Amino acid sequence: MPRRTLIEDRPWLLASLTASITFYFLPEPWIGSVYAMVLKGLSVGFLVPYALVRHHSLDAKLLAIIMAFGAAGDVGMELDTIVGGAIFFIGHLIAIGLYWRNRRTNVTGSQRAAALTMLVMVPTISWFLSGDAGVGIYAIGLGAMAASAWLSRFGRYHVGAGAMLFIVSDWLIFARMGGALPESATSWLIWPLYYAGQFMICTGIIQGLRRDHRA
């Protein structure tokens, strides 16, 4: 049977990509509008039904919840950064639970060292960039999420790399908050790095779950 196209086989991924690209290239007068917030929320929000349709396990449902918190956090950040950060923090905690359920059985010393480095350095660098204690607390969850992803059975060069892109996008936000980098140097990078990270995390986990199903 010929391979189906993206629009036929994975319409939710196509919808997510379309919303994300449209949001990124919105003209200046639309920035901050309700329309922009809707597009921003839908970009990751469309990954929720993708996860639910592509796999029917508890892990896929947890992934859908994580993506839902990501979408809510995206909108929340537009309204209040503390509220948005709190929503993302909860999503990170759920992600840690998902990765812990799927932790890798054989972990090398270098892999453990890399995870420990993330756990320590992510909140440290985040606090240093922002100078904000609240950011440092949030980044403890961010670092734990990335470390758990790295130690999970899901592909490191897909899910693990996606978590790292998430971290870099947040570091750019924190650097802007703390005045380490100007907005002109960060604004055009934050969204594509963040969205690519979420996209890689979601699709990587689903691929891993479906591979297990075929085995």
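For the structure itself, look to the data block above.
These remarks concern the structure in this document. These numbers were taken from a predicted model, which means no experiment stands behind them.

## Description of the layout of surface pockets
- Considered as a void within the structure, the largest pocket measures approximately 1,100 Å³ in volume.
- Taken together, 36 residues make up the lining of the largest pocket; nearest its centre are K40, M77, I173, R176 and I190.
- Those elements giving two or more residues to the lining of the largest pocket turn out to be α2 (11-24), α3 (34-45), α5 (58-79), α6 (81-101), α8 (133-151), α9 (156-178) and α10 (183-214).
- For the lining of the largest pocket, the element with the highest residue contribution is α9, accounting for seven residues.
- Per-class residue counts for the lining of the largest pocket are 21 nonpolar, seven polar and eight charged.

## With respect to α3
- Helix length check: α3, at 12 residues, gives a terminal C-alpha distance of 16 Å against a target of 16 Å (1.5 Å per residue), a fit within 8%.
- Taken together, the buried positions of α3 are A36, M37, L39, K40, G41, S43 and V44.

## Comments concerning the nonpolar core
- Core analysis: the largest hydrophobic core is formed by 53 residues, its most contacted members being L63, M67, Y99 and I205.
- Broken down by element, this core gets its largest block of residues, 10 residues, from α10.
- Those residues in contact with L63 that sit more than four places away from it in its chain are A51, L98, C202, I205 and I206.

## Things to note about the pattern of salt bridges
- Tallied over the entire structure, the rule returns two salt bridges.
- Notably, a salt bridge pairs E78 with K40, separated by 2.7 Å at the nearest N-O pair. In this pair, E78 sits in helix α5 while K40 sits in helix α3, placing the two residues 38 residues apart along the sequence.
- By relative accessible area, E78 is classed as partly exposed at 38%.
- Taking the relative accessible area as the measure of exposure, K40 reaches 10% and is therefore buried.
- Measuring nitrogen to oxygen at the nearest pair gives 2.8 Å for the salt bridge that ties R101 to D59. Here D59 lies in helix α5 and R101 lies in helix α6, a separation of 42 residues in the sequence.

## With respect to the side chain of S20
- Tracing the sequence through the fold places S20 in helix α2.
- Residue classification places S20 among the buried positions, given a relative accessible area of 5%.
- Ignoring any residue separated from it by four or fewer positions in sequence, one finds S20 in contact with S43, W191 and Y195.

## Quick look at empty space enclosed by the protein
- Going through the model one piece at a time under the given rule, you end up with one cavity of 30 Å³ or more.
- Its volume calculated, the largest cavity comes out at about 110 Å³.
- Taken together, 14 residues line the largest cavity, and the ones lying closest to its centre are I66, G91, H92, F166 and Q198.
- Among the elements of the structure, α5, α6 and α10 are those that each provide at least two residues to the lining of the largest cavity.
- Here the lining of the largest cavity gets six residues from one element, more than from any other, and that element is α6.
- Residues of the lining of the largest cavity, tallied by class, amount to 10 nonpolar, four polar and no charged.

## Regarding the packing of α3 against helix α4 (residues 47-54)
- In contact at an axis separation of 5 Å, α3 and α4 are set at 20° when each is read in the N-to-C sense. Judged on the interaxial angle alone, α4 and α3 are roughly parallel. Listed contacts from α4 to S43, V44 and G45 of α3 are L47, V48 and P49.
- Taken together, the residues of the contact of α3 with α4 sort by class into four nonpolar, two polar and no charged.

What counts, and where the lines are drawn
- Residues numbered from 1 in each chain as written.
- Predicted model: local features only at pLDDT ≥ 70, side-chain atom pairs only at ≥ 80, totals over all residues.
- Heavy atoms only, no water.
- 1 Å grid on protein atoms, 1.4 Å probe; cavity = no way out; pocket = protein on both sides within 12 Å on 5 of 7 lines; lining within 4 Å.
- Points joined across faces, edges and corners; volume = space filled by probe spheres on them.
- Helix = DSSP H or I, 4+ residues; strand = E, 2+ residues; numbered from the N terminus.
- Nonpolar A, V, L, I, M, F, W, Y, C, P; charged D, E, K, R; others polar.
- Expected span 1.5 Å × (residues − 1).
- Buried < 20%, exposed > 50% of the residue type's maximum accessible area, 1.4 Å probe, protein only.
- Core = buried A, V, L, I, M, F, W, Y, C linked by side-chain atoms within 4.5 Å.
- Contact = heavy atoms within 4.5 Å.
- Salt bridge = Lys/Arg side-chain N within 4 Å of Asp/Glu carboxyl O.
- Axes fitted to C-alpha atoms, helices over the stretch in contact; angles between N-to-C directions.
- Parallel < 35°, antiparallel > 145°, perpendicular 65-115°, else oblique.

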